[in-house]
Amino acid sequence: MSDKEDKELKKCLICKPAGDLSTEEIPYWSKKTGNYSPYPKMITCEAKYALEDRDEMVEELPEIIDKAIELKMEFSEESAEKWVFFFASNSSTDPLKILHPEEAYGKDENHGLTKTDKEGKVTLTLNCPQPYRAEGTTYCRHVHYLIEEDKVWSKMRTTRVMCQIDLEDLDKIVKAKPKDKEAIVVNALEFKDFDKRSIPGSFHLSANKLDPLSEEKKEEKVLEFLNETVPKCKTIHDKVKSKELDIKDVPIVTYCANSKCKTSQKLIDHLYECGVNNVLEWGPGMDGWFKERSFFESEEDEDKSDSDSDSDSDSDSDSDSDSDSDSDSDSDSD
């Protein structure tokens, strides 16, 4: 990876199909930019991607802007030692702004070319893609890919991805004053677990309570949660009030107990079903947080003014109040 070797790699926790796009329907926004192919122009126009000369092809990775993700894919043995071309939207520079696809994809910088191993497995390294909004719909993070089939490219396929937030970025959210927070941190466990221990300033939305609900009821419950929670984060609320950001597009970070716990991923599935797609996950969960943060305040933090401490205390009170309310509504839904 040469100059990219010092970049920290963040693995995608889970990848699932984002719908069958194998029909290769050309999106309207792509036609507007003059591209009448479902692929980036480079795949059809540049000779280095022509499979007629597959033996001359060279592995290519995108420039990693911040932190890379590794997306592990498994194909059949029939796809052993085959070339894979992949592309996605670029990483977001502002979590409070959902771009149009032509802006999100830019010049298709977030693309690469690599080859499967002898078992048909491959790891795609790229920047975590951003969600984007087209014709009134926000699409979750996803990666498109084509795989070599008898020296021609297969039809395009798409995989949804869940990206992790790292400790440094989560720290910034947790340490920010309530009015300045740029994401909502959500505990996906049962209320009794949340009440016992949680990441400071986080809110509660039980994934298990959403399991038995119909799609309509689930969306009602999620919107109720957002409408109660967003006003407590002024920066986010102002964006929603001004209609710069749809309430379903507010940045969310989910977590549960630890890296083995799947409840947070379950909550993300529920959120995706409800059209809430601007979501990241803190995979290490509470155990990972408390392991890294044995002491929540450094000596520097302890020297903060009393007014800041009062503000943080008020935030905790608001969070607890919201959690109690959520717990009550959860009980009512049983």
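Scroll up a little and you will see the structure.
This text gives an overview of the structure that appears in the document.

Quick notes on the rules
Residues numbered from 1 in each chain as written. Predicted model: local features only at pLDDT ≥ 70, side-chain atom pairs only at ≥ 80, totals over all residues. Heavy atoms only, no water. Helix = DSSP H or I, 4+ residues; strand = E, 2+ residues; numbered from the N terminus. Buried < 20%, exposed > 50% of the residue type's maximum accessible area, 1.4 Å probe, protein only. Areas by Shrake-Rupley, 256 points an atom, 1.4 Å probe, with all protein chains shown as cover. Pairing = 2+ DSSP bridges. Right-handed = clockwise from strand over helix to strand, strands pointing away. Polar contact = N/O pair within 3.5 Å; in protein donor to acceptor, adjacent residues only side chain to side chain. Contact = heavy atoms within 4.5 Å. Salt bridge = Lys/Arg side-chain N within 4 Å of Asp/Glu carboxyl O. Arc of directions from axis to C-beta. Core = buried A, V, L, I, M, F, W, Y, C linked by side-chain atoms within 4.5 Å.

Here's the deal with the overall build of the protein chain
Phase 1 of the analysis: When helices and strands are counted, the protein chain shows 12 helices and 15 strands.
Phase 2 of the analysis: Looking at the protein chain as a whole, 49% of its 334 residues are labelled buried.
Phase 3 of the analysis: Summing over all exposed atoms, the protein chain offers an accessible surface of approximately 17300 Å²; the carbon and sulfur share of this is 45%.

Some words on the pairing of strand 14 (residues 252–255)
Phase 1 of the analysis: Alternating residues of strand 14 divide into Ile252 and Thr254 and Val253 and Tyr255, and every residue in both groups is buried.
Phase 2 of the analysis: Looking at chain direction, strand 12 (residues 184–187) and strand 14 are connected through 4 bridges and run parallel. Residue pairing across strands places isoleucine 184 opposite isoleucine 252, the latter belonging to strand 14.
Phase 3 of the analysis: Note on the crossover from strand 14 through helix 9 (residues 263–273) to strand 15 (residues 279–281): the handedness is right-handed.

Section: the side chain of threonine 254
Phase 1 of the analysis: Within the fold, threonine 254 resides in strand 14.
Phase 2 of the analysis: Classification of threonine 254 as buried rests on a relative accessible area of 0%.
Phase 3 of the analysis: Here serine 264 takes part through its side chain, which lies 2.6 Å from a polar atom of the side chain of threonine 254.
Phase 4 of the analysis: Those residues in contact with threonine 254 that lie beyond four places of it in its chain are Val186, Ser264, Leu267, Ile268, Leu271, Val279, Leu280, Glu281 and Trp282.

Overview of the pattern of salt bridges
Phase 1 of the analysis: One pass over the structure, following the stated rule, counts 20 salt bridges.
Phase 2 of the analysis: Glutamate 244 is paired through a salt bridge with lysine 239; the nearest N and O atoms lie 3.4 Å apart.
Phase 3 of the analysis: Exposure remark for lysine 239: the relative accessible area of 23% places this residue in the partly exposed category.
Phase 4 of the analysis: A single salt-bridge network, built from bridges that share partners, covers Glu46, Lys48 and Glu60.

What about helix 4 (residues 167–175)?
Phase 1 of the analysis: Taken as a whole, helix 4 has its buried residues at Leu167, Leu170, Asp171, Ile173 and Val174. The buried residues of helix 4 all sit within an arc of 165° when viewed along its axis, so they share a single face.
Phase 2 of the analysis: Buried-residue contacts for helix 4 involve strand 12, strand 14 and helix 10 (285–292).

What to know about the environment of threonine 93
Phase 1 of the analysis: By secondary structure assignment, the location of threonine 93 is in the loop between strand 4 (83–87) and helix 3 (101–105).
Phase 2 of the analysis: With 37 residues separating them along the chain, threonine 93 and glutamine 130 place their C-alpha atoms 9.0 Å apart.

Thoughts on the nonpolar core
Phase 1 of the analysis: Core analysis: the biggest nonpolar cluster contains 29 residues, and Leu226 and Val250 have the highest contact counts within it.
Phase 2 of the analysis: Mapped onto this core, the elements with two or more residues apiece are strand 12, helix 6 (207–210), helix 7 (215–229), helix 8 (234–241) and helix 9.
Phase 3 of the analysis: Looking at this core element by element, the count peaks at 4 residues for helix 9.
Phase 4 of the analysis: In contact with valine 250, not counting residues within four places along its chain, are Ile184, Leu226, Val230, Ile236, Val240, Leu245 and Asn278.
Phase 5 of the analysis: Counting residues in each nonpolar core, the second largest holds 18 residues, with Leu189, Ala257, Cys261 and Trp289 among its members.

Side note on helix 10
Phase 1 of the analysis: Taken residue by residue, helix 10 has Gly285, Met286, Gly288, Trp289 and Phe290 as its buried positions.
Phase 2 of the analysis: Buried residues along helix 10 sit against helix 4, strand 12 and strand 14.

Here we look at the pairing of strand 9 (residues 142–149)
Phase 1 of the analysis: Judged by how many residues are buried, strand 9 sits mostly within the fold: 7 of 8 residues are covered.
Phase 2 of the analysis: Pairing geometry for strand 4 and strand 9, over 4 bridges, is antiparallel. Considered in strand 9, the bridge of phenylalanine 85 is made with leucine 146.
Phase 3 of the analysis: The sheet contact formed by strand 9 and strand 11 (residues 157–162) spans 4 bridges and is antiparallel. Counterpart to histidine 142 in the pairing with strand 11 is arginine 160.
Phase 4 of the analysis: Bridge count between strand 9 and strand 10 (residues 152–153): 2 bridges; the pairing is antiparallel. When the bridges of strand 10 are listed, glutamate 149 appears paired with valine 152.
Phase 5 of the analysis: The loop that links strand 9 with its antiparallel partner strand 10 comprises 2 residues; one of these, aspartate 150, has a positive phi angle of about 50°.

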